[in-house]
Amino acid sequence: MKVGIGADINGTQLKQALITYLSSEGYEITDYGAGDAAATMYPDVALRVCQAINSGEVERGILICGTGLGMEIAANKVKGIRAAVAEDVYSAERAILSNNAQVITMGARVIGPEVAKLCADAFLSNEFTLAGHGKASNAKVERIMQIEEEQMSY
Ligand code: RB5
């Protein structure tokens, strides 16, 4: 699976740990930045990863900032994207199984690298399928996307 990853300056270390780990697990990781002190504008990093998902360059994304919150908010502004903060394994699994999220976000000031690896695994190793959990959740996910269509003029 192709996965896009991005972080602001607060998430750079955790991002590197995840890149190393997920690559060793066989995921094809593309790093969309931003590692330097000047690159603190996390919404632009979120945008790059979300655009890569919408264009099909990668299938899923992981975004890291200090709290996971700014990245989540920014990613959810990109049309078509469903992003969820996932800082425990259950939430990371449900983000894909119930919400069909393409992106999870994490806070490097909230969780450590080992929990982050478990969360990434739980998110990436599951699929949203209509035969599975998606059967009960699909109408709700569809409704979210309908609301986006109705409310957003872009
Ligand atoms: C950290 O304070 C914050 O600005 C940033 O890393 C992110 O957590 C925003 O939500």
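Above this text you will find the structure in question.
## Some remarks on the packing of helix H1 (residues 12-24) against helix H5 (residues 113-124)
Then, in step 1: Where H1 contacts H5, the axes come no closer than 10 Å and their chain directions differ by 50°. Compared by their axis directions, H1 and H5 come out oblique. Crossing handedness for the pair H1 and H5: right-handed. Of the residues in H5, those in contact with Leu14, Ala17, Leu18, Tyr21 and Leu22 of H1 are Pro113, Ala116, Lys117, Ala120, Asp121 and Leu124.

## Digging into the pairing of strand S3 (residues 60-65)
Then, in step 1: Of all 6 residues making up S3, 6 are buried, and the element is well covered by its neighbours.
Then, in step 2: Residues of S3 alternate between two faces, with Arg60, Ile62 and Ile64 on one and Gly61, Leu63 and Cys65 on the opposite face, all of them buried.
Then, in step 3: Sheet topology note: the strand S1 (residues 2-7)/S3 ladder contains 5 bridges and is parallel. Directly across from glycine 4, in S3, lies its bridge partner glycine 61.
Then, in step 4: For S3 and strand S5 (residues 103-107), the ladder comprises 5 bridges, and the chain directions are parallel. Of the residues in S5, the one forming a bridge with isoleucine 62 is isoleucine 104.

## Thoughts on the site of the ligand
Then, in step 1: If you check the shell around the ligand, you find Asp8, Asn10, Tyr42, Cys65, Gly66, Thr67, Leu69, Gly70 and Arg109 and nothing else.
Then, in step 2: One of the side-chain nitrogen or oxygen atoms of aspartate 8 is found 2.7 Å away from an oxygen atom of the ligand.
Then, in step 3: Arginine 109 places a side-chain nitrogen or oxygen 3.0 Å from an oxygen atom of the ligand.
Then, in step 4: When the ligand sits alone it has 290 Å² of accessible area, and the protein chains cover 70% of it.
Then, in step 5: Of the residues belonging to the shell around the ligand, the class tally is 3 nonpolar, 4 polar and 2 charged.

## Comments concerning the pattern of salt bridges
Charged atoms that come close allow side chains of opposite charge to pair.
Then, in step 1: For the structure shown, the criterion picks out 5 salt bridges.
Then, in step 2: For the salt bridge of aspartate 31 with lysine 15, the shortest nitrogen-to-oxygen distance reads 2.9 Å. Pair noted here: aspartate 31 is in strand S2 (residues 28-31) and lysine 15 is in helix H1, with a separation of 16 residues, a long-range link.
Then, in step 3: Judged by relative accessible area, which is 39%, aspartate 31 ranks as partly exposed.

## With respect to the pairing of S2
Then, in step 1: In the sheet, S1 pairs with S2 via 4 bridges, with the strands oriented parallel. Paired with valine 3 across the strands is isoleucine 29, a residue of S2.

## Looking at H1
For an α-helix the count is 3.6 residues per turn, leaving residues at separations of three or four pointing the same way.
Then, in step 1: For H1, which comprises 13 residues, the first-to-last C-alpha distance of 18 Å matches the rise-based estimate of 18 Å (1.5 Å per residue) to within 8%.
Then, in step 2: Buried residues of H1: Thr12, Leu14, Lys15, Leu18, Ile19, Tyr21 and Leu22, and no others.
Then, in step 3: Lining the buried residues of H1 we find S1, S2, S3, S5 and H5.
Then, in step 4: Glycine 26 lies just past H1 and shows a positive phi near 100°.

Rules used throughout
- Residues numbered from 1 in each chain as written.
- Predicted model: local features only at pLDDT ≥ 70, side-chain atom pairs only at ≥ 80, totals over all residues.
- Heavy atoms only, no water.
- Axes fitted to C-alpha atoms, helices over the stretch in contact; angles between N-to-C directions.
- Helix = DSSP H or I, 4+ residues; strand = E, 2+ residues; numbered from the N terminus.
- Parallel < 35°, antiparallel > 145°, perpendicular 65-115°, else oblique.
- Left-handed = near helix turned anticlockwise from the far one by under 90°.
- Contact = heavy atoms within 4.5 Å.
- Buried < 20%, exposed > 50% of the residue type's maximum accessible area, 1.4 Å probe, protein only.
- Pairing = 2+ DSSP bridges.
- Near = heavy atom within 4 Å.
- Polar contact = N/O pair within 3.5 Å; in protein donor to acceptor, adjacent residues only side chain to side chain.
- Areas by Shrake-Rupley, 256 points an atom, 1.4 Å probe, with all protein chains shown as cover.
- Nonpolar A, V, L, I, M, F, W, Y, C, P; charged D, E, K, R; others polar.
- Salt bridge = Lys/Arg side-chain N within 4 Å of Asp/Glu carboxyl O.
- Expected span 1.5 Å × (residues − 1).

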